[in-house]
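Given next are the chains, with one letter for each unit.
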Amino acid sequence: MDFRFDEDQELLQNTVREFLQTEVTPGSVRTLWETETGRSPELWKQLAEIGLPGLLVPEQHDGMGMGEEEMVLLIEEAGRAALAEPVIATAAVAVPLLAELGGALANEWLPKIAAGEAVVAVGHPVSPFVEDAHVADLLLLPDGTGALHAVTRDAADVTAQPSNDPSRRIATVEFDASESTRAAHGDEASRLLAAALDRGALACAAGALGVCDRLIGLAAEYAGERKQFGKPIGSFQAVKHMLANVKVKLEYARPLVQRAAHSVANDASARDVHVSMAKLAACEAATSGAKVALQAHGAIGYTWEQDLHLWMRRAWSFDHAWGRSPFHLGRVREALFTGALPIGPGTTFRGDA
Amino acid sequence: MDLDYSKDQQTFRADAREWLQQNVPATALESFDTAEGAKQHREWEARLNAGGWAMVPWPVEYGGRGANLLEWLIFEEEYYRAGAPKRINQNGIFLLGPTIMEYGTPEQKARFLPKMASSEEVWAQGWSEPNAGSDMANIQATAFRDGDHFVLNGQKTWASRGAFADWLFGMFRTDPESERHRGLTFILVPLDLPGITVRPIEQLDGLAGFAEVFFDDVRVPVEHQLGEQGKGWSVAMATAGFERGLMLRSPARFQATAKRLVELARLHVDSIEPSVRDEVTRCWIAAEAYTLDTHRTVSRLLADGKIGAEASLNKIFWSELDLRMHELALEILGDRGELRPEAPAAGDVGSWLDGYLFALSGPIYAGTNEIQRNIIAERILGLPR
Ligand SMILES: Cc1cc2nc3c(=O)[nH]c(=O)nc-3n(C[C@H](O)[C@H](O)[C@H](O)COP(=O)(O)OP(=O)(O)OC[C@H]3O[C@@H](n4cnc5c(N)ncnc54)[C@H](O)[C@@H]3O)c2cc1C
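Residues numbered from 1 in each chain as written. Chains lettered and ligands numbered in written order. Predicted model: local features only at pLDDT ≥ 70, side-chain atom pairs only at ≥ 80, totals over all residues. Heavy atoms only, no water.

Draft legend 1. Quick peek at unusual backbone geometry. Residue and element names in this part refer to chain B. One non-glycine residue, R180, adopts positive backbone phi at about 50°. Mapped onto the fold, R180 is located in the loop between β4 (167–173) and β5 (184–190). Under the relative-accessibility criterion, R180 is labelled partly exposed at 36%. We note that A366 has phi near 60°; this positive angle belongs to a residue other than glycine. Mapped onto the elements, A366 comes out in the loop between α10 (352–359) and α11 (369–380). (Helix = DSSP H or I, 4+ residues; strand = E, 2+ residues; numbered from the N terminus. Buried < 20%, exposed > 50% of the residue type's maximum accessible area, 1.4 Å probe, protein only.)

Structure, rendered in structure tokens:
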């Protein structure tokens, strides 16, 4: 038993953090906001060079062959940087889905993803919208019968649905499902879709941690500088305590995300419950971080010009993506009230492996 | 990350479970805040100690089994799973014990730890005074040196289990010129010395759960000083770390409550609002989060880390969770939520009401949650004082 990320994993996280610190700035995020796609192929290429899109791609397909433990650490960094690229859709969700599908789809698309030459988006019944469909070269989509289809974008009808976060590009997608587009059906498709949901939700939870940490950092920094009544506002207890409350939420969401990553990586039997616990807690930390950081800034935080809302919007986006809080709370509640889950002292790490 | 228990850890758990199954009293003991209950709890502690289970992380020579912190968590899980009695000597074994381990002389360790493990000597914590609550540095009780003795004068208050304890550990001002954190000394005091008056105080549940202690020219040998003279504050901060953090309130305690809460909610599922089920679910998640976080901390400590200001995060989290769980239980019990267990209509109210009253004190003792929030804001987030 050792419930820690290891040194190599933390080293990888630091490398990506440093990369994002220099390559992704509030200014560069805003520049992308003004573009039609909101995405930067050059940045995506750079991300591929440090291994991000191909993190979960098996080595035989030219990827890094790593797992969800590494993934959550890197997506936390993406959240901290307010990175808008399709890391979750492609790297965290589509890659393992393609790898599990195997065959021609995997052979064709995985190496391209690892090389930064392709974006793949994934739809799921949990949401009417597909994130990053507008830039996807390939779309993996469920139909009304629960089968899973692989469709190229030119064969799909993609309608953009502008959202509250200019970094979150979502769309409704229509397509003609046929034998030739079908990649999986029946039990296999349900299993793949369930896994996709857990991976997407886990990734959002990880991103929300980074966002929340950044929001607390921005608010603490501002509160240390801004003076009223002749003192920094951060010396007032009302300000201190609301930030401390968010910090408590964040630090107790963190171990839930860590454990959920382990459960997804090892396909633990309670994987879905663990993911929902993590998504719920991390997104609650991030959305309350958004509120509190705004309050700590006062009116300046309420402006488009101040960068704070880059992260506020990310918090709201992660909350919406891959199942909103009521969905995830519901999954945990069902497991508890049907008695499907062993509970009480000594049960936390049972059945994880 | 490795989330499997090793063979040794599994064996350790099995041994603890077996011993507890055979030894935990079948009927609940009386509250340790009564004379009879205190006696029963001391007997239980003696039995635990004879079995070698009183304080598993301590070295064998002091009555422990030399277990590591992870095994200690396993033991706690089994302890709460078995519904074993509350620990009457918790201030001794969980707070003072580790502090003596860190700051004590070899003689002090040999003198105090074994009798602490066996609860032949039950300890009370004497920090608070009428004018030193949150502002503990305002301690006014004095201990002036006279030859090879300290002479103690002043008053301590709110000392938990002080009414039935044998010893008290406290901080006293040894330097008459000193102010605030300086000039305080950590001293161990037998409560049967001449000049000591212990006055029990009834708590919200009507039982004498704490006491005030008066010192009137009490002579204590200087060997009972823990750590250096005048450096009591840093010794006390180590104790506070144990108190707020993982020692005093191990996660199993809250997992046991969360389990009882879920079971209660399941039983009354048809009569409760959906929002109550959601809240129960959130509590259970929080208890798991606390458990996971503690394992994260322990993993780090085993790999040579140190615990710091993050103990303040723990303290807020467990105390608020505990209170929330008890509030919800009373809400589920509905009209019966106000009944004492002996009321004819009480049904399955169990100990929720007393638990609720005690949970209300969680945000106060061990440093109020407002003080913890100050610590988080200033020491972790770096906000100005
Ligand atoms: C059940 C129970 C058991 C206890 N057991 C022991 C024991 O065994 N030994 C022992 O020594 N003590 C014990 N205590 C005492 C406990 O440590 C004190 O109650 C606690 O430190 C608070 O001090 P106080 O009660 O004097 O409240 P005060 O310090 O007067 O505080 C009253 C209120 O003011 C707030 N406040 C005070 N200062 C600040 C500040 N700077 N910023 C913001 N808010 C502030 C507090 O948060 C609180 O809400 C126990 C208390 C309880 C309730």
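Still to come is the rest of the account.
Draft legend 2. Local environment of helix α1 (residues 7–23) of chain A. Residue and element names in this part refer to chain A. Taking 1.5 Å of rise per residue, the 17 residues of α1 would be expected to cover 24 Å, and the 24 Å separating its terminal C-alpha atoms lies within 8% of that figure. Those residues of α1 not exposed but buried are Q9, L12, Q13, V16, F19 and L20. Taken end-on, α1 shows its buried residues confined to a sector of 130°, consistent with a single buried face. Counted as exposed and oriented over 90 degrees from the buried face of α1: E7, L11, E18, Q21 and T22. The inward-facing, buried residues of α1 abut α3 (41–49) and α4 (68–81). Where α1 begins, the side chain of D6 points an oxygen toward the backbone nitrogen of D8, at a separation of 3.1 Å. (Expected span 1.5 Å × (residues − 1). Arc of directions from axis to C-beta. Contact = heavy atoms within 4.5 Å. Polar contact = N/O pair within 3.5 Å; in protein donor to acceptor, adjacent residues only side chain to side chain.)

Draft legend 3. Molecular detail of the domain arrangement of chain B. For chain B, the assigned domains read domain 1 (7–88), domain 2 (123–232) and domain 3 (245–380). Computed from C-alpha atoms alone, the centre-to-centre distance between domain 2 of chain B and domain 3 of chain B is 31 Å. (Domains from an automatic or database assignment.)

Draft legend 4. Summary view of the nonpolar core. Residues F186(B) and W284(B) are the most contacted members of the largest nonpolar core, which totals 219 residues. Take this core: its biggest share by element is 21 residues, from helix α7 (residues 186–225) of chain A. Within the second largest apolar cluster, 22 residues are counted, among which are A38(B), V122(B), A159(B) and F215(B). (Core = buried A, V, L, I, M, F, W, Y, C linked by side-chain atoms within 4.5 Å.)

Draft legend 5. Up close: the site of the ligand. Of all residues adjacent to the ligand, which total 19 residues, the nearest are S134(B), W158(B), S160(B), T368(B) and E370(B). The environment of the ligand is shared, with nearby residues belonging to chains A and B. Contact with the protein chains removes 67% of the 970 Å² of surface that the ligand exposes when unbound. Mapped onto the shell around the ligand, the elements with two or more residues apiece are β3 (149–160) and α11 of chain B. The residue makeup of the shell around the ligand, split by class, is 7 nonpolar, 11 polar and 1 charged. Built from parts of two domains, the shell around the ligand gets at least three residues from each of domain 2 (123–232) and domain 3 (245–380) of chain B. (Near = heavy atom within 4 Å. Areas by Shrake-Rupley, 256 points an atom, 1.4 Å probe, with all protein chains shown as cover. Nonpolar A, V, L, I, M, F, W, Y, C, P; charged D, E, K, R; others polar.)

Draft legend 6. Representation of the interface of chain B and chain A in the model. Contacts between chain B and chain A engage 52 residues on the former and 48 residues on the latter. Surface buried jointly by chain B and chain A totals about 5000 Å² across both partners, of which 68% is contributed by carbon and sulfur atoms. The interface formed by chain B and chain A contains 4 salt bridges. Between E251(A) and R296(B) there is a salt bridge whose closest N-O contact spans 3.8 Å. Across the chain B-chain A interface, the total number found is 16 residue pairs in polar contact (both at pLDDT 80 or more). Elements with a minimum of two residues in the side of chain B that touches chain A: α1 (7–23), α3 (69–81), α7 (251–267), α8 (274–302), α9 (311–333) and α11 of chain B. With 17 residues, α8(B) is the single largest residue contributor to the side of chain B that touches chain A. Looking at side-chain class alone, the side of chain B that touches chain A contains 26 nonpolar, 8 polar and 18 charged residues. (Buried area = accessible area lost by both parts, 1.4 Å probe. Salt bridge = Lys/Arg side-chain N within 4 Å of Asp/Glu carboxyl O.)

Draft legend 7. Representation of empty space enclosed by the protein. Residues and elements named next belong to chain A. Enumeration over the complete set of coordinates arrives at 5 cavities of 30 Å³ or more. In this model, the largest cavity occupies a volume close to 170 Å³. Together, 20 residues line the largest cavity, and E85, I88, E131, R314 and F318 are the ones closest to its centre. Residue classes in the lining of the largest cavity are distributed as 12 nonpolar, 2 polar and 6 charged. By volume, the second largest cavity amounts to about 90 Å³. Contributing to the lining of the second largest cavity are V122, G123, H124, V126, S127, F129, V130, E131, R168, I170, A321 and W322. When its residues are assigned to classes, the lining of the second largest cavity shows 7 nonpolar, 3 polar and 2 charged. (1 Å grid on protein atoms, 1.4 Å probe; cavity = no way out; pocket = protein on both sides within 12 Å on 5 of 7 lines; lining within 4 Å. Points joined across faces, edges and corners; volume = space filled by probe spheres on them.)

Draft legend 8. Examining the pattern of salt bridges more closely. One pass over the structure, following the stated rule, counts 48 salt bridges over all chains. Across the pair K231(B) and E228(B) runs a salt bridge whose closest N-O atoms are separated by 3.5 Å. For K231(B), a relative accessible area of 43% translates into the label partly exposed. Note on E228(B): relative accessible area 53%, which makes it exposed. By sharing partners, the salt bridges in this structure join R17(A), E76(A), E77(A), R80(A), D213(A), K247(A), E251(A), R254(A), D293(B) and R296(B) into a single network.

Draft legend 9. Inspection of the environment of G133(B) at higher detail. Residues and elements named next belong to chain B. Along the polypeptide, G133 turns up in the loop between β1 (123–126) and β2 (142–146). Of the residues examined, G133 reaches a relative accessible area of 44% and is grouped as partly exposed. Taking C-alpha positions, G133 is 24 Å from H224, a pair spaced 91 residues apart along the chain.

Draft legend 10. Fine view of the sheet that holds strand β1 (residues 120–122) of chain A. Residue and element names in this part refer to chain A. Read across the sheet, 4 strands follow the order β1-β3-β4-β7 without closing on themselves; strand pairing throughout is mixed. The open sheet has two edge strands with one neighbour each: β1 and β7 (182–184). Averaged over all neighbouring strand pairs, the angle between strand axes comes to 30°, with direction disregarded. Where strand β3 (residues 138–142) and strand β4 (residues 148–152) come together, 5 bridges link them in antiparallel fashion. Across the sheet, residue L138 finds its bridge partner in β4, namely T152. (Pairing = 2+ DSSP bridges. Axes fitted to C-alpha atoms, helices over the stretch in contact; angles between N-to-C directions.)

Draft legend 11. Representation of the environment of I285(B) within the structure. By the secondary structure assignment, I285(B) is in helix α8. I285(B) sits in the buried class, given a relative accessible area of 6%. Each C-alpha atom, one on I285(B) and one on A258(B), is 9.0 Å from the other, the two residues being 27 residues apart in sequence. Contact partners of I285(B), with chain neighbours within four places excluded, come to L256(A), M277(A), L280(A) and V332(A).

Draft legend 12. Representation of the packing of aromatic side chains within the structure. All names here are of chain B. Scanning the entire structure with this criterion turns up 26 aromatic pairs over all chains. Their ring planes at 80° and their centres at 5.1 Å tell us that F112 and W167 sit as a pair that is edge-to-face. Placement of F112 in helix α5 (residues 106–117) and of W167 in strand β4 is noted, with a sequence separation of 55 residues between them. What makes W167 buried here is its relative accessible area of 7%. The ring of W53 is capped by R65, whose NZ or CZ atom sits 3.5 Å from the centre of that ring. (Phe/Tyr/Trp six-rings, centres within 6.5 Å; stacked < 30°, edge-to-face > 60°. Lys NZ or Arg CZ within 6 Å of the ring centre and 35° of its normal.)

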